[in-house]
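Descriptive analysis of the structure
Residue-level listing of the chains:
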Amino acid sequence: MGTPLAAPGLLLLLLAGTAGLCRALFSLPLRVSHPAAPAGSPPAPVVLRPASGSRQQEDAPGAADGLALASDPGGSLNFLAMVENLQGDSGRGYYLEMLIGTPPQALNILVDTGSSNFAVAGVPDPDVTSYFNPELSSTYRSQGIEVTVKYSQGSWTGVLGTDVITMPKGLYGSYTINIATILESENFFLPGVKWHGILGLAYDALAKPSSSVETFFDSLVRQAEIPNIFSLQMCGAGLPVSGSGTNGGSLVLGGIEPSLYTGDIWYTPIKEEWYYQVEILKLEVGGQNLELDCREYNADKAIVDSGTTLLRLPEKVFSAVVQAIARTSLIQEFSSGFWTGSQLACWDRNEKPWSLFPKISIYLRDENSSRSFRISILPQLYIQPILVIGDNLQCYRFGISSSTNALVIGATVMEGFYVIFDRAQRRVGFAVSPCAEADGAPVSEIEGPFPTADVATNCVSSISFHEPVLWIASYALMSLCGIILLVLIVLLLIPPRCQHRYTDNDVVNDESSLVRHRWK
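Values in this document were obtained by computation on a predicted structure and should not be read as measured data.

The rules behind these values
- Residues numbered from 1 in each chain as written.
- Predicted model: local features only at pLDDT ≥ 70, side-chain atom pairs only at ≥ 80, totals over all residues.
- Heavy atoms only, no water.
- 1 Å grid on protein atoms, 1.4 Å probe; cavity = no way out; pocket = protein on both sides within 12 Å on 5 of 7 lines; lining within 4 Å.
- Points joined across faces, edges and corners; volume = space filled by probe spheres on them.
- Nonpolar A, V, L, I, M, F, W, Y, C, P; charged D, E, K, R; others polar.
- Buried < 20%, exposed > 50% of the residue type's maximum accessible area, 1.4 Å probe, protein only.
- Helix = DSSP H or I, 4+ residues; strand = E, 2+ residues; numbered from the N terminus.
- Pairing = 2+ DSSP bridges.
- pLDDT = per-residue confidence, 0-100.
- Contact = heavy atoms within 4.5 Å.
- Phe/Tyr/Trp six-rings, centres within 6.5 Å; stacked < 30°, edge-to-face > 60°.
- Lys NZ or Arg CZ within 6 Å of the ring centre and 35° of its normal.
- UniProt positions renumbered as here; feature names shortened; annotations may be inferred.
- Axes fitted to C-alpha atoms, helices over the stretch in contact; angles between N-to-C directions.
- Disulfide = S-S within 2.5 Å.
- Core = buried A, V, L, I, M, F, W, Y, C linked by side-chain atoms within 4.5 Å.
- Expected span 1.5 Å × (residues − 1).

1. Quick word on empty space enclosed by the protein
- Estimated volume of the largest cavity: approximately 60 Å³.
- Around the largest cavity, the lining residues are Ser116, Asn117, Phe118, Leu160, Asn178, Ala180, Val213, Glu214, Thr215 and Phe216.
- Residue classes in the lining of the largest cavity are distributed as five nonpolar, four polar and one charged.

2. Here we look at the pairing of strand 7 (residues 93–100)
- Of all the eight residues making up strand 7, six are buried; the element is thus mostly covered by neighbouring parts of the structure.
- Inspection of the sheet shows strand 6 (residues 86–89) paired to strand 7 by four bridges, in the antiparallel sense. For Asp89, the partnering residue across the bridge sits in strand 7 and is Gly93.
- Here strand 6 hands over to strand 7 after three residues, the two strands then running antiparallel side by side.

3. Looking at the confidence of the model for the protein
- Of all residues in the protein, 76% have pLDDT values of 70 or greater, and the mean over the chain is 81.
- With pLDDT under 50 throughout, residues 1–40 is counted as low confidence; its partners more than four residues away or in other chains account for 86 contacts.
- Throughout residues 464–472 the model reports pLDDT below 50, and contacts reaching past four residues in sequence, or to other chains, amount to four contacts.

4. Quick word on the packing of aromatic side chains
- Within the structure shown, the criterion is met by 22 aromatic pairs.
- Their ring planes at 75° and their centres at 6.2 Å tell us that Phe230 and Tyr276 sit as a pair that is edge-to-face. One end of the pair, Phe230, is in strand 14 (residues 229–235); the other, Tyr276, is in strand 18 (residues 276–277), and 46 residues separate them in sequence.
- Judged by relative accessible area, which is 0%, Tyr276 ranks as buried.
- Pairing Tyr382 with Phe398 gives two aromatic rings, centres 6.2 Å apart and planes at 80°, and the pair type is edge-to-face. With Tyr382 in helix 5 (residues 379–382) and Phe398 in strand 27 (residues 393–398), this pair connects stretches of sequence that are 16 residues apart. Phe398 shares its class with Tyr382; the two are buried.
- Site record: aromatic cluster; members linked through ring pairs are Tyr203, Phe217, Phe230, Tyr276 and Phe421.
- Taking the ring centre of Tyr363 as reference, the NZ or CZ of Lys282 above it sits at 4.6 Å.
- The ring of Tyr267 has Arg427 lying over it, and the distance from NZ or CZ to the ring centre is 3.7 Å.

5. Describing the environment of Gly255
- Looking at where Gly255 falls in the secondary structure, it is placed in the loop between strand 15 (247–253) and strand 16 (262–269).
- According to the relative accessible area criterion, Gly255 is buried, its value standing at 0%.
- For the pair Gly255 and Leu77, spaced 178 residues apart in sequence, the C-alpha separation works out to 8.8 Å.

6. Topic: the UniProt feature "glycosylation site" (unreviewed entry) in the protein
- Under the present numbering, the feature "glycosylation site" (unreviewed entry) in UniProt falls on Asn368.
- On the secondary structure map, Asn368 appears in the loop between strand 24 (360–365) and strand 25 (371–377).
- With a relative accessible area of 32%, Asn368 lands in the partly exposed category.

7. Overview of the sheet that holds strand 25
- Taken together, the five strands give an open sheet; going across it, the order is 20-19-24-25-34, and neighbouring strands pair in antiparallel fashion. The sheet is open, and its two edges are formed by strand 20 (288–289) and strand 34 (444–451), each paired on a single side.
- Where strand 25 meets strand 34, six bridges bridge the pair, whose relative direction is antiparallel. Considered in strand 34, the bridge of Arg374 is made with Glu447.
- Lying on the sheet, helix 3 (residues 315–328) is in contact with strand 19 (280–285) and strand 24; it crosses strand 19 at an angle near 25°.

8. Brief notes about the state of the cysteines
- Under the criterion given, the structure shown has three disulfides.
- At a sulfur-sulfur separation of 2.0 Å, the disulfide partner of Cys294 is Cys459. Taking the torsion about the S-S bond as the criterion, the Cys294 to Cys459 disulfide, at about -95°, is left-handed. Taken together, the residues span a long stretch of sequence, with Cys294 in helix 2 (residues 294–297) and Cys459 in the loop between strand 34 and helix 7 (469–492) at a distance of 165 residues.
- On the basis of relative accessible area, Cys294 is assigned to the buried category, the value being 5%.
- With a relative accessible area of 1%, Cys459 lands in the buried category.
- Two residues share a disulfide in this structure: Cys346 and Cys395, whose sulfurs sit 2.0 Å from each other. The S-S bond linking Cys346 to Cys395 shows a torsion near 105°; that makes this disulfide right-handed. Of the two residues, Cys346 is situated in strand 23 (residues 344–348) and Cys395 in strand 27; the sequence distance between them amounts to 49 residues.
- Taken N- to C-terminal, the disulfide-bonded cysteines of the protein are connected 1-5, 2-6, 3-4.

9. Focus on the nonpolar core
- Of all hydrophobic cores here, the largest spans 114 residues; its most connected members are Phe118, Leu220, Ile280, Phe398 and Phe430.
- Per element, the largest residue contribution to this core is eight residues, and it comes from helix 3.
- For Ile280, the residues in contact, after removing those within four places along its chain, are Cys294, Tyr297, Asn298, Ala302, Ile362, Tyr363, Leu364, Leu407, Ile409 and Cys459.

10. A look at unusual backbone geometry
- Between Lys208 and the following residue, Pro209, the backbone shows a cis peptide bond with an omega angle of 10°.
- Examined against the element boundaries, Pro209 turns out to sit in the loop between strand 13 (197–200) and helix 1 (216–224).
- For the peptide bond that leads from Gly448 to Pro449, omega is -5°, which places it in the cis range.
- Assignment of secondary structure puts Pro449 in strand 34.
- Positive phi is not limited to glycine here, since Glu291 has a value of about 60°.
- Position of Glu291 relative to the elements: it lies in the loop between strand 20 and helix 2.
- We classify Glu291 as exposed; its relative accessible area is 64%.
- Its identity is not glycine, yet Asp439 carries a phi of approximately 55°, on the positive side.
- Residue position: Asp439 is located in the loop between strand 32 (437–438) and strand 33 (441–442).

11. Here we look at helix 3
- If you check helix 3, its first and last C-alpha atoms are 20 Å apart, about what 14 residues at 1.5 Å a residue would give, namely 20 Å.
- Val317, Phe318, Ala320, Val321, Val322, Ala324, Ile325 and Ala326 are the residues of helix 3 that are buried.

Encoded structure:
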């Protein structure tokens, strides 16, 4: 994008890469430049290199569609007791305190709607402050099953077992849960994290070593007899993504807490029950449609994942968004490293850069398929403060990145909303979160309904229709495999069954995971 516009007090700070931002203390060489800015130009950044059927208005406590929408403080479900039961930030994730075993061992557990295993550190690790010791729990039962989860970056291996858990700010009572004790890990626990395990809240289709492992939330639904729904609020809008303190949040198990949202809840169908896969119809930047085929937004899936720090977009969509932001921003020239995540942009602490950038809107298909609604995030959510230099400089990162295999609605977007994961009715709901404010002003919006006549009736496809060559290659490979199989049968004179069995060591190619995209 070229060199940033110059401004008085401009500083250029060079850093080999962004990985160092995740660590503790480091020194940065500075180069000072004092050119005059054009009259009336905006402050330039310093560069640091390193209403439809789906709307539901909850006006009063009660039940709707068979789901708990408010709670009796004296009953078995007390949603108010779950308010502000999370701590963390978008850079390092939001975590919940749990007591595991007998006597109880207290651990902080990362909340992740993009995976399905419940796993905790089971041995000492230099990057975690606590771990679960099964030998100290009289109720722990090992199943003797090894489980390995591998990510594109980071992995862990552990042993599957069961034990009782309680949640000080969750459901009343104790519950027996499948739990993997992590015995070995690589780039999973990183310096600076304040959690000691991961709570996967997605469907059992993603569970390892197989979908027969009952997930944490399925166990709660069965044992506590709560509705098959949970909701999530993360309160980090406009705050440092990896500061020294922590922000709040709420994980409500079994229903919806009315105090955690304002206005209506808008629902979009869950397209497939593995991740929380939804259907994106279009994106707008500054009110301008990107004019892409809607299948591009869903290539090869679009999911809602609290374990992803950023809004991640398929490469073609990401390029279009960056171009649109650069075109509509008051800063016409911008270093390309800022968009790719290799640079931070820094302004004087007295200046707020958010007014220089446009809002971004994501259109989701409504439960009424002929309609849609849009969720919008203001720049306070995607131009994220991350680092303070000296007394006068605040540095920001771009809270959007490219992806090779998914559009991921991660913490960058989710911090603007109260998100309802209504598994009972296969839908995800969005409502404006009252904690999504910066300087007293809301930083997120929901609007609708809008007609869908200008988009395809189905934007989710398992194949890439704009590349028919893949069809030809697929049929050619299938024919070749058939010939080879026939030759083997003739040579061996036996009818072996051609079947693939997944093993414990199968790789989970989950680029949406926080393991890869968190900032440390």
